[in-house]
Amino acid sequence: SQMVRPGDRRPAIADHAIAVLANGGARAPSHQAIDRAAGLATGSTSYYFRTRHHLVVATIARIREHSRAAFDESPQPATITPRTAAMLMADQLLLLAGPRRDDALAVFSLLPEVERDPELRAQLAGCLFSRELAAELLVALGRSDAEGAALDLIDFLTGLLFGMLFGQRRTEDAGGTRIVDALQRFLTTEVDTAASASEIS
């Protein structure tokens, strides 16, 4: 990624793009709308990001940075068990439904934007939850098929997040009390299934 020089407005512009997306949906992030939101002179955003494609790429990369920082700042459990792993992931989900809500809403808003671009779709798919980190977690839990299971886990997390933002969890489970249990069940079932499958073969 490009080195950010002092006075470089790219990170701030990407942050404003996230906010504009979160508030206005996919139609919203025009270069002009971001200039207005950021309080910049007209033309500033297009100076840094010539096309809408460049702007979308930068926005997705910025969300990924936020996710990485949030994960790095979270307290890591001394031992990884289904329970501590579930708590770790629930914390990230609660951040995304709360303080990081704009990041989450921006990702859902960008879905139509990336539909015809497989590369962008892959980048968007990995900017909230890392498949690598999910696989590492599953390996730590003793999974042999961590690669495939990581995709299942990320889809499960994405579904939970959708429920927290737009669905029944938003009201019924606002504090996330049932999320830890749901994640623990998912991880435990997954581990048990893998264990019994390997015993049979």
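Here's what I pulled together on the structure shown here. Values in this document were obtained by computation on a predicted structure and should not be read as measured data.

Conventions we followed
- Residues numbered from 1 in each chain as written.
- Predicted model: local features only at pLDDT ≥ 70, side-chain atom pairs only at ≥ 80, totals over all residues.
- Heavy atoms only, no water.
- Helix = DSSP H or I, 4+ residues; strand = E, 2+ residues; numbered from the N terminus.
- Polar contact = N/O pair within 3.5 Å; in protein donor to acceptor, adjacent residues only side chain to side chain.
- 1 Å grid on protein atoms, 1.4 Å probe; cavity = no way out; pocket = protein on both sides within 12 Å on 5 of 7 lines; lining within 4 Å.
- Points joined across faces, edges and corners; volume = space filled by probe spheres on them.
- Expected span 1.5 Å × (residues − 1).
- Bend = angle between axes of the 7 residues up to and from the residue.
- Buried < 20%, exposed > 50% of the residue type's maximum accessible area, 1.4 Å probe, protein only.
- Contact = heavy atoms within 4.5 Å.
- Axes fitted to C-alpha atoms, helices over the stretch in contact; angles between N-to-C directions.
- Parallel < 35°, antiparallel > 145°, perpendicular 65-115°, else oblique.
- Left-handed = near helix turned anticlockwise from the far one by under 90°.
- Nonpolar A, V, L, I, M, F, W, Y, C, P; charged D, E, K, R; others polar.
- Core = buried A, V, L, I, M, F, W, Y, C linked by side-chain atoms within 4.5 Å.
- Phe/Tyr/Trp six-rings, centres within 6.5 Å; stacked < 30°, edge-to-face > 60°.

Okay, the environment of Glu113 next. Along the polypeptide, Glu113 turns up in helix α6 (residues 101–114). Here the alpha-carbon distance between Glu113 and Val56, two residues 57 residues apart in the chain, equals 8.4 Å. At 2.8 Å, the side chain of Glu113 and the side chain of Arg52 are in polar contact.

Turning next to the layout of surface pockets. A volume near 570 Å³ is recorded for the largest pocket. Along its surface, the largest pocket is lined by 26 residues, and Phe71, Phe129, Ser130, Leu133 and Ala134 are the ones closest to its centre. Among the elements of the structure, α4 (52–73), α5 (82–97), α8 (131–140) and α9 (146–165) are those that each provide at least two residues to the lining of the largest pocket. Here the element with the most residues in the lining of the largest pocket is α8; it accounts for seven residues.

Counted at 1.5 Å a residue, the expected span for α6 with its 14 residues is 20 Å, and the 20 Å between its end C-alpha atoms agrees. Most pronounced at Phe108, the bend in α6 amounts to some 25°, and the proline Pro112 follows within four residues. Asp103, Ala104, Leu105, Ala106, Val107, Phe108, Ser109, Leu110 and Val114 are the residues of α6 that are buried. Buried residues along α6 sit in contact with α1 (10–24), α4, α5, α7 (118–125) and α9.

Turning our attention to the packing of α6 against α7. With their axes 10 Å apart at the nearest point, α6 and α7 run at an angle of 165° to one another. When the axes of α6 and α7 are compared, the pair comes out roughly antiparallel. For the element pair α6 and α7, the recorded crossing hand is left-handed. Each of Val107, Leu110, Leu111 and Val114 in α6 lies in contact with α7, whose residues at this interface are Leu120, Arg121 and Leu124. Among the residues making up the contact of α6 with α7, the classes are represented as six nonpolar, no polar and one charged.

This brings us to the nonpolar core. Judged by nonpolar contacts, the single largest core of 46 residues is most densely connected at Leu93, Leu161, Leu183 and Leu187. If you list the elements that add at least two residues to this core, you get α1, α4, α5, α6, α7, α8, α9 and α11 (177–200). A per-element tally of this core places α9 first, with 10 residues. Those residues in contact with Leu187 that sit more than four places away from it in its chain are Pro82, Ala85, Ala86, Met89, Leu138, Leu141 and Leu153. Counting residues in each nonpolar core, the second largest holds nine residues, with Ala17, Val20, Ala33 and Ala58 among its members.

This brings us to the packing of aromatic side chains. This structure, assessed with the given rule, holds five aromatic pairs. Ring geometry for Phe108 versus Phe162: centroids 5.4 Å apart, planes at 75°, classification edge-to-face. In this pair, Phe108 sits in helix α6 while Phe162 sits in helix α9, placing the two residues 54 residues apart along the sequence. Relative accessible area serves as the criterion here: at 43%, Phe162 is assigned to the partly exposed category. Ring centres of Phe108 and Phe166 lie 5.5 Å apart, and the angle between their planes is 75°; on these two criteria the pair is classed as edge-to-face. Here Phe108, found in helix α6, pairs with Phe166, found in the loop between α9 and α10 (169–172); they are 58 residues apart in sequence, far enough to count as distant. On the accessibility criterion, Phe108 (17% relative accessible area) is buried. What links up through ring pairs into an aromatic cluster is the set Phe108, Phe162 and Phe166.

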